[in-house]
Each structure stands twice: as C-alpha cells, then as structure tokens.
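Inside the fold
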Amino acid sequence: MKTADPELMRAINRFLVMDAIRRSGTISRVEISERTELSPTTVSAITAALLEDGLIVPRQVAPTPDQVRGRPRIMLELNPAAASVCGAKLAPNKITIAVTNFQADVLGTVSIPIRVDRQPASVILDLVEDGVRSCIEATGLQVEDINSLCLGVPGIVERASGICRYSPIFSERDLKLGIDLQERLKVPTTVDSDVNLITLAEQWFGHGRDLRDFLVVSIEHTIGLGIIHGGELFRGANGLSPDLGDLIVSPNGSTGNGSLPGRLSGIASTTAILSAAADLARGTPQEKLLRGTRGMDHAVSLAQGGDGRIAEIFEEAGRALGIAIANLITLFAPPKVILAGSALQAGELLLAPLRDAVQAATPETISGVTEIVVHESSDDTWARGAAALTLRDLYGAPWGTTGPAKKR
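We now turn to the structure provided with this report. Treat the numbers as computed from the prediction; the structure is a model and nothing was measured. For every chain, the first residue of the written sequence is number 1, and numbering continues from 1 along that sequence. Since the coordinates come from a predicted model, pLDDT governs what is reported: local features require at least 70, and pairs of side-chain atoms require 80 or more to be given and counted, while whole-chain, interface and lining totals use all residues. Side-chain descriptors were evaluated using all non-hydrogen atoms of the structure, hydrogens and water having been removed beforehand.

Moving on, we come to the packing of aromatic side chains. Here a pair means two rings of Phe, Tyr or Trp (six-membered ring of Trp) with centres within 6.5 Å. Their orientation is stacked below 30 degrees between planes, edge-to-face above 60, and tilted elsewhere. A complete count under the given rule lists one aromatic pair for this structure. Ring centres of W204 and F205 lie 5.9 Å apart, and the angle between their planes is 65 degrees; this geometry places the pair in the edge-to-face category. For each residue, the accessible area found with a 1.4 Å probe, counting protein chains only, is set against the maximum for its type, and the residue is called buried under 20%, exposed over 50%, and partly exposed in between. Classification of W204 as buried rests on a relative accessible area of 2%. Distance and angle both matter: a charge sits over a ring if NZ of Lys or CZ of Arg is within 6 Å of the ring centre and within 35 degrees of the ring normal. The residue whose ring lies beneath R22 is W204, and the NZ or CZ to ring-centre distance is 3.8 Å. Over the ring of F205 we find R384; its NZ or CZ atom is 3.7 Å from the centre of that ring.

A few words now on helix α10 (residues 295–304). Burial analysis of α10 places seven of its ten residues in the buried class, the great majority of the element. In this text, helices come from DSSP runs of H or I with a minimum length of four residues, and strands from runs of E with a minimum of two, each type numbered from the N-terminal end. Every buried residue belonging to α10 is among G295, M296, H298, A299, V300, L302 and A303, and all of these are buried. If you follow the buried residues of α10, they end up packed against α8 (270–280), α9 (285–290), α11 (308–332) and α12 (348–361). Taken from the residues just after α10, G306 is the one with a positive phi, measuring 115 degrees. Residue contacts are counted whenever heavy atoms from the two residues lie within 4.5 Å of one another.

This part covers unusual backbone geometry. Positive phi, normally seen in glycine, also occurs at D174, with a value near 50 degrees. Mapped onto the fold, D174 is located in the loop between β8 (163–166) and α5 (177–185). Even without glycine at this site, A333 takes up a positive phi of about 45 degrees. Residue position: A333 is located in the loop between α11 and β13 (336–340).

Next up on the list: the pairing of strand β10 (residues 214–219). Along any regular strand the residues' side chains alternate between the sheet's two faces. The element β10 is extensively covered by neighbouring structure, given that six of its six residues are classed as buried. As defined by bridge partners, β10 adjoins strand β11 (residues 223–229) across six bridges and the pair is classed as antiparallel. Counted as the bridge partner of I219 is I223 from β11. DSSP calls a pair of strands paired once it identifies at least 2 bridges connecting them. Turn length for the β10-β11 hairpin, with the two strands adjacent in sequence and antiparallel, is three residues. Note: β10 against β13, four bridges, orientation parallel. The residue bridging S218 from the neighbouring strand is A340, located in β13.

A few words on the sheet that holds strand β9 (residues 189–193). Pairing is mixed in the open sheet, where five strands are placed in the order β5-β4-β3-β6-β9. Looking at strand neighbours, the two that pair on one side only are β5 (106–113) and β9, the edges of this open sheet. Neighbour to neighbour, the strand axes of the sheet diverge by 15 degrees on average, direction disregarded. Alignment of strand β4 (residues 94–101) against β5, held across seven bridges, turns out to be antiparallel. Where helices are involved, their axes are fitted lines through C-alpha atoms of the stretch in contact, as for all axes, and angles between N-to-C directions lie from 0 to 180°.

What follows concerns the environment of R118. Residue position: R118 is located in the loop between β5 and α4 (121–138). For R118 and N93, which are 25 residues apart along the polypeptide, the C-alpha to C-alpha distance reads 9.5 Å.

With that settled, consider the environment of G226. Its location among the elements puts G226 in strand β11. For the pair G226 and T199, spaced 27 residues apart in the sequence, the C-alpha separation amounts to 5.6 Å. Excluding its chain neighbours within four sequence positions, the residues that come into contact with G226 are V195, N196, T199, F214, L215 and V216.

So, on to the sheet that holds strand β14 (residues 371–374). Spatially, β12-β11-β10-β13-β14 is the arrangement adopted by the five strands of the open sheet, whose pairing is mixed. The open sheet is flanked by β12 (232–233) and β14, the only strands paired with a single partner.

With that settled, consider helix α3 (residues 40–53). Spanning 14 residues, α3 covers 20 Å between terminal C-alpha atoms, matching the ideal 20 Å at 1.5 Å per step. Taken together, the buried positions of α3 are occupied by V43, I46, T47 and L50. Along the long axis of α3, the arc covered by the buried residues comes to 95 degrees, so they all point the same way. For α3, the exposed residues set more than 90 degrees away from the buried face come down to T41, A45 and E52. For α3, the elements touching its buried residues are α1 (6–24), α2 (29–36), β1 (56–61) and β2 (73–78). Positive phi appears at G54, one or two residues downstream of α3, with a value of about 80 degrees. Helices are assigned an expected span. That span is 1.5 Å times one less than the residue count. Read the arc as the range of directions from the helix axis to the C-beta atoms.

The salt bridge definition used is simple: a Lys or Arg side-chain nitrogen within 4 Å of an Asp or Glu carboxyl oxygen. Enumeration according to the criterion identifies 18 salt bridges in this entry. Close ionic contact of D53 with R14 constitutes a salt bridge, the shortest N to O distance being 3.8 Å. Linking D53 in helix α3 with R14 in helix α1, this pair joins segments that are 39 residues apart in sequence. Given the relative accessible area of 46%, D53 is considered partly exposed.

What follows deals with the packing of α4 against α5. It is at 11 Å that the axes of α4 and α5 come closest, and there the two elements cross at 45 degrees. Here α4 lies oblique to α5, going by the angle between them. Seen along the crossing, α4 lies across α5 with a hand that is right-handed. In this structure, α4 uses S122, L125, D126, V128, E129, V132 and R133 to contact α5, whose residues at the interface are L177, D180, L181, R184 and L185. Amino acids are sorted into nonpolar (Ala, Val, Leu, Ile, Met, Phe, Trp, Tyr, Cys and Pro), charged (Asp, Glu, Lys and Arg) and polar (every other residue, Gly among them). Considered class by class, the residues forming the contact of α4 with α5 number six nonpolar, one polar and five charged. Our angle categories are set so that under 35 degrees counts as roughly parallel, over 145 as roughly antiparallel, 65 to 115 as roughly perpendicular, and the remainder as oblique. In this scheme, a crossing is called left-handed if the near helix is turned counterclockwise away from the far one by less than a right angle; it is called right-handed if the turn is clockwise.

Let us now look at the pairing of strand β6 (residues 148–153). Extensive coverage of β6 is indicated by the burial of six of its six residues. Across the two faces of β6 the burial is the same, with S148, C150 and G152 and L149, L151 and V153 all buried. Sheet topology note: the strand β3 (residues 84–91)/β6 ladder contains five bridges and is parallel. Residue pairing across strands places G87 opposite C150, the latter belonging to β6. Bridging between β6 and β9 involves five bridges; their strand directions are parallel. Looking at the pairing, G152 lines up with D192 of β9.

As structure tokens, this is what we get:
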C-alpha cells in the first residue's frame, strides 16, 4: 500500500483548517479539530503557521459567567487585510469591477455601461484596465496591493491558459484575455466563466454553503452550468468550462434566430427570447424596445399585460430549460439545482413551465431528490465568487485548482 504524499496531505490539512475558519467566521482551535477531525496537535501546528503568515488573526473572548473561570479563550478568524482581490465581469451591456478583501467583503465597485458586443476585444481590455485602476484607487489601495485579478466572461473559457475560446459578446475567438490583462497590470490574472463565479459564491455564502454536491444553471446571454462535486468545482480538460447552451434539446427543431437547430441557447437564452419577441413585433415601435438594453423588462411587461404570443415564448423557453435540467438531475441526482441569471426576472412566466417540465421529464426513480431554488439577485454576488476563486488559490486549495502564482 502506497504512503500518501506528505506534501499533499499537509496542503489538504491546511486547506481544511482555513476553510473551517472561513465558514465559521470566528472559531477556536478545539472547534477546528472537531469539525475537521484533525488532531489538536495538527491543528495547533497549522494555525501557528497561518498566524505567522498573517492569514489569520487571534481574538480574545472573555469567558461567560456559566463558563469555568480562567484565561480568555483565543478565537481565530481570517485576517481581512491578508490579501486584496480585484474581479471584473463582462456582460453584453456593461463592465463591472469590484475589489474585495481576504474575507470576500466587497470594498468598492465600478460599473461601466457599454455595448460590449459591439466593440473589439482590444477596446474592452482598455476599458477593463482603466476600470480596474479606478476601482482600486477608489478603495484607497494601489495596483501593487492587489494579490490577484479574476475576469469573468460568458462563454467557454480555459482557466488554465486564460484563453476565452468563445463568447457571444466577442466576435473574435481564442482570446488570450488573461495574458493580456496580466501584462497590462502586472497582477496575477485568471479568467473563468461567469457562471463559475456565481457557483463559488453559492458554495461559500449561498444555497450551496452546506452541500458537497449541487448545480448552478445561469440563464443569461449564454446558458452556463456550474458543477460542485465532492465539494470541488468540476472542470473539464485545461480547466474548460462547460456551456449548457450547447445542449441539444430538440434535434429536429428550429430556433428561428440563426442558432443551430435545437440548441438550448437558441430557445432559452435571453438573446433567443428577445430575438423571438422582437421578430413578432417587427415593424412596430415595440421592436426597438425589445432589442434595446432593457428589452427583457419590456418583454416581461408585454407578456404580463396579456400579449399571449410573447408569453408563449417564455413558456417554450421554460419547457426547454426544464427538459435540460431534468437531464442534469438524471445524470447527477444533485440535492439542489440553483437557478440564476437575468432571465429569471420573467418570474413565473419562465419558472412555472420549467418546473412542470422538470417534474414530467425526471424519472420516477429519482423524483423528489432535487430541490430547484432561485438565486437571490445581488450585484456583488459574482464579485464574492471571484474572490472565492482566487482566495482558494492564495491559501492553498490542493484539489485540481490551477490558478495564479502567489504574490509575495
């Protein structure tokens, strides 16, 4: 029987201790030992090293009247000043940038309204660079204080290489976004799909906080899939992010908007929904509104106001999503599937047919094992996910995380 790699075991134990501290906020060494099932000696050695590295800080807590008299207990918590992370997220109509501390608290944000999909990548990178510098300065920091930068992009991304293979907001393919930004800012930079940022935020702070397995389906310009399996974010070769929108849900179907027949993205993405609605309104004043930056608001308003044809578009999208999610449930049997994304503002127009389709298409043998929950929309969720992604690398996540080099 092979002996486990001692370096790997140390890395795993260190990660377990850090994760216990992060999850608890404030915790004693005894409690860490209980939660991680590591020996008190191991926990003491690891926490001593973390204190020396400045990643955690001690806090004295006076004993309560019902406790045995003695010295104040020493509690441990993450040191907020141990690292600073900058995240940037690209969407079709804006660039959002945020700076967070080591606890993933958002310190400041900058939003740049722009039609990203109408600009070449070089222009967008110029804007991201300027926005990052501005956001960092507004928080009282300097670029040199930033330990890592994470860029979230819709589409298919190779995290290991920092290459965006495809994104619907860029006309170019195989963009070396991570390399370009790192050269510009001299900060270790990673690129990931935006749904992975949301997925990690859900794991650290949201519906997936106490789960080792769950899925996130993000319904926006693309339809992203985030997978947490065994407590880890699942990635393909080279850190490749899957795109659920490429799933075929209707092999003989036609999407009517130029996408490949039967692809989920051609039926249920916000682009597909608004394109179909605008086609129905062709030649009327409504068409321009539906193709504008607030097109989804207008489509929802029309459907709720009695426009049956647009309501049917939402219904078809919901059914297609429900079938796709039922297939995911059949494959993974997750305890939760978390729905996120701008399309959810359609509410029950989309969710009611989605739930009906999930129920109808899920095999009876696993019916009821999965809960469908809706992510509470928050402007800083993705930023906290970007922090989670990079902080895992900074404090030594040992399982398959290819990330930036540590900045000393």
